[in-house]
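Chains, contacts and geometry: an overview
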Amino acid sequence: MPVSAVLFLSIPEELLITTLGLFLFGISVRKYWYRLFLIAVIQALVSFFIRLLPLPFGIHTFLMIPLFALAVSLVLNLPYIGAFVSILVSSTIYTVLDTTFIPLLIKITGIPVSEVLQSTPLRVMFFLPQGLTMLVLILIVATTGFRLFTLSDYRSAGSRKQDGYH
C-alpha cells in the first residue's frame, strides 16, 4: 500500500470508523478531535504493517480489530471491552457499506477490481461514496443523540475511570 493510500484512504477510513463507533456508544469526543486523529493515524500505521504480513485473506482483520480497540482504549482512557464493541460495530457498518458500494461501482464503471486496487486515485474515488455515507451517519447520530448503548452508564468491576469523554 503506497503512502498516498495511507494518507487519503486509511486515515480517513479509520477516523470515520472511530467517530461513528464512539458516538453510537455515547462517547462524545468533539472537544478531543485531535485524539480521534491520533487514533486514526495509529490504526492506519498498524493496518499498513499488518497488511505486509504474509497472511491469508481476512486474517488481517482478526488482528486489526482488537489492536484498533486497544488504540482507542489507550488514547481515550476507555475500558477495553467498550472500545472493542464500539469499533466492532462501526467496522461492521463500514464493511456492509464497502460490500454494497464497491460491487455497485464496479458494475457502473466497468473498471475491474484489480485495476481499482492498483490505482490510488481510483481507490479514493471508490472510497468516496462509502466515506460520505459514513459521514452522514455520523452527523445523524451526533445531531439526534441516537445511541445503541451508552458506555458511560456501564460500570464493570475494575474498569478505569471514564475521564470525562461522555
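Bear in mind that the values here come from a model prediction, so they are computed numbers and not experimental data.

This part takes up the packing of helix H1 (residues 3-24) against helix H6 (residues 120-144). Viewed as axis vectors pointing N to C, H1 and H6 meet at an angle of 20°, and their least axial separation amounts to 10 Å. In terms of their interaxial angle, H1 and H6 are classed as roughly parallel. Where H1 crosses over H6, the handedness of that crossing is left-handed. Across from Ser4, Ala5, Phe8, Leu9, Pro12, Glu13, Leu16, Ile17, Thr19, Leu20, Phe23 and Leu24 in H1, the residues of H6 making contact are Thr120, Arg123, Val124, Phe127, Gly131, Met134, Leu135, Leu137, Ile138, Val141 and Ala142. Residues that form the contact of H1 with H6 fall into these classes: 17 nonpolar, four polar and two charged.

Take the packing of helix H4 (residues 80-109) against H6 next. Between H4 and H6, the least distance of the axes is 8 Å, while the angle of their chain directions is 140°. The interaxial crossing formed by H4 with H6 has right-handed handedness. Of the residues in H6, those touching H4 at Ser90, Ile93, Tyr94, Leu97, Asp98, Phe101, Ile102, Leu105, Ile106 and Thr109 are Phe126, Phe127, Pro129, Gln130, Thr133, Met134 and Leu137. Of the residues belonging to the contact of H4 with H6, the class tally is 12 nonpolar, four polar and one charged.

Within the largest apolar cluster, 31 residues are counted, with the highest numbers of intra-cluster contacts made by Leu22, Val29, Val72, Leu76 and Met134. For this core, the secondary structure elements donating two or more residues are H1, helix H2 (33-52), helix H3 (59-76), H4 and H6. Here the element with the most residues in this core is H1; it accounts for eight residues. Counting residues in hydrophobic clusters, the runner-up holds six residues, among them Leu105, Ile111, Val116 and Phe126.

This part covers the confidence of the model for the chain. A residue-level look at the chain finds 90% of positions with pLDDT of 70 or above and a mean pLDDT of 87. Highest mean pLDDT in the chain belongs to H4 (95); lowest belongs to H1 (89). Counted against residues more than four places away or in other chains, residues 155-160, with its pLDDT under 50, gives eight contacts. pLDDT under 50 marks residues 162-166. Its contacts with residues more than four places away, or in other chains, come to 15 contacts.

A cluster of nonpolar side chains, namely Leu53, Leu55, Ile59, Phe62, Leu63, Leu67, Leu70, Leu74 and Tyr80, defines an oily patch on the protein surface of about 810 Å² accessible area. Residue contributions to the nonpolar patch peak at six residues, all from H3. Of the residues examined, leucine 55 reaches a relative accessible area of 34% and is grouped as partly exposed.

In this section: the environment of threonine 133. In this fold, threonine 133 is placed in helix H6. Sequence-wise, threonine 133 and tyrosine 94 are 39 residues apart; in three dimensions their C-alpha atoms are separated by 9.3 Å. If we ignore the near neighbours within four places in the chain, the residues touching threonine 133 are Leu97 and Phe101. Separated by 2.7 Å, the side chain of threonine 133 and the backbone oxygen of proline 129 make a polar contact.

What counts as what
- Position numbers for residues start from 1 in each chain and track the written sequence from start to end.
- Given that this is a predicted model, residues contribute local features only at a pLDDT of at least 70 and side-chain atom pairs are listed and counted only at 80 or more, while totals for whole chains, interfaces and linings are drawn from all residues.
- In computing side-chain properties, one takes all heavy atoms of the structure into account and sets aside hydrogens as well as water.
- Axes here refer to lines fitted to C-alpha atoms; in helices the fit is confined to the stretch in contact. Angles between the N-to-C directions go from 0 to 180 degrees.
- Under the scheme used here, helices are H or I runs from DSSP no shorter than 4 residues and strands are E runs no shorter than 2 residues, and both carry numbers assigned from the N terminus.
- For classification purposes, angles smaller than 35 degrees are called roughly parallel, those larger than 145 roughly antiparallel, those between 65 and 115 roughly perpendicular, and all remaining angles oblique.
- Each crossing gets its handedness from the near helix: less than a right angle anticlockwise from the far helix is left-handed, clockwise is right-handed.
- Contacts are residue-level and defined by heavy atoms, with any inter-residue pair within 4.5 Å sufficient.
- Under the scheme applied, nonpolar residues are Ala, Val, Leu, Ile, Met, Phe, Trp, Tyr, Cys and Pro; charged residues are Asp, Glu, Lys and Arg; polar residues are all the others, including Gly.
- Think of a nonpolar core as a cluster: buried Ala, Val, Leu, Ile, Met, Phe, Trp, Tyr and Cys residues, connected wherever their side-chain atoms sit within 4.5 Å.
- Think of it in three bands: residues with accessible area under 20% of the maximum for their type are buried, residues over 50% are exposed, and the middle band is partly exposed, with areas taken using a 1.4 Å probe on protein chains only.
- Values of pLDDT, which run from 0 to 100, indicate the predictor's confidence residue by residue.
- Put simply, a patch holds well-exposed residues, over 30% relative accessible area, that have no salt bridge, with like charges counted together within 9 Å and Val, Leu, Ile, Met, Phe, Trp or Tyr side chains within 5 Å.
- In this description, accessible areas are obtained by the Shrake-Rupley approach with a 1.4 Å probe, and a residue is regarded as covered only by the protein chains that are shown.
- Any carboxyl oxygen of Asp or Glu within 4 Å of a side-chain nitrogen of Lys or Arg constitutes a salt bridge here.
- By the criterion applied in these results, polar contacts are pairs of N or O atoms within 3.5 Å in which, for protein atoms, one can donate a hydrogen and the other can accept it, and in which residues neighboring in sequence qualify only through two side-chain atoms.

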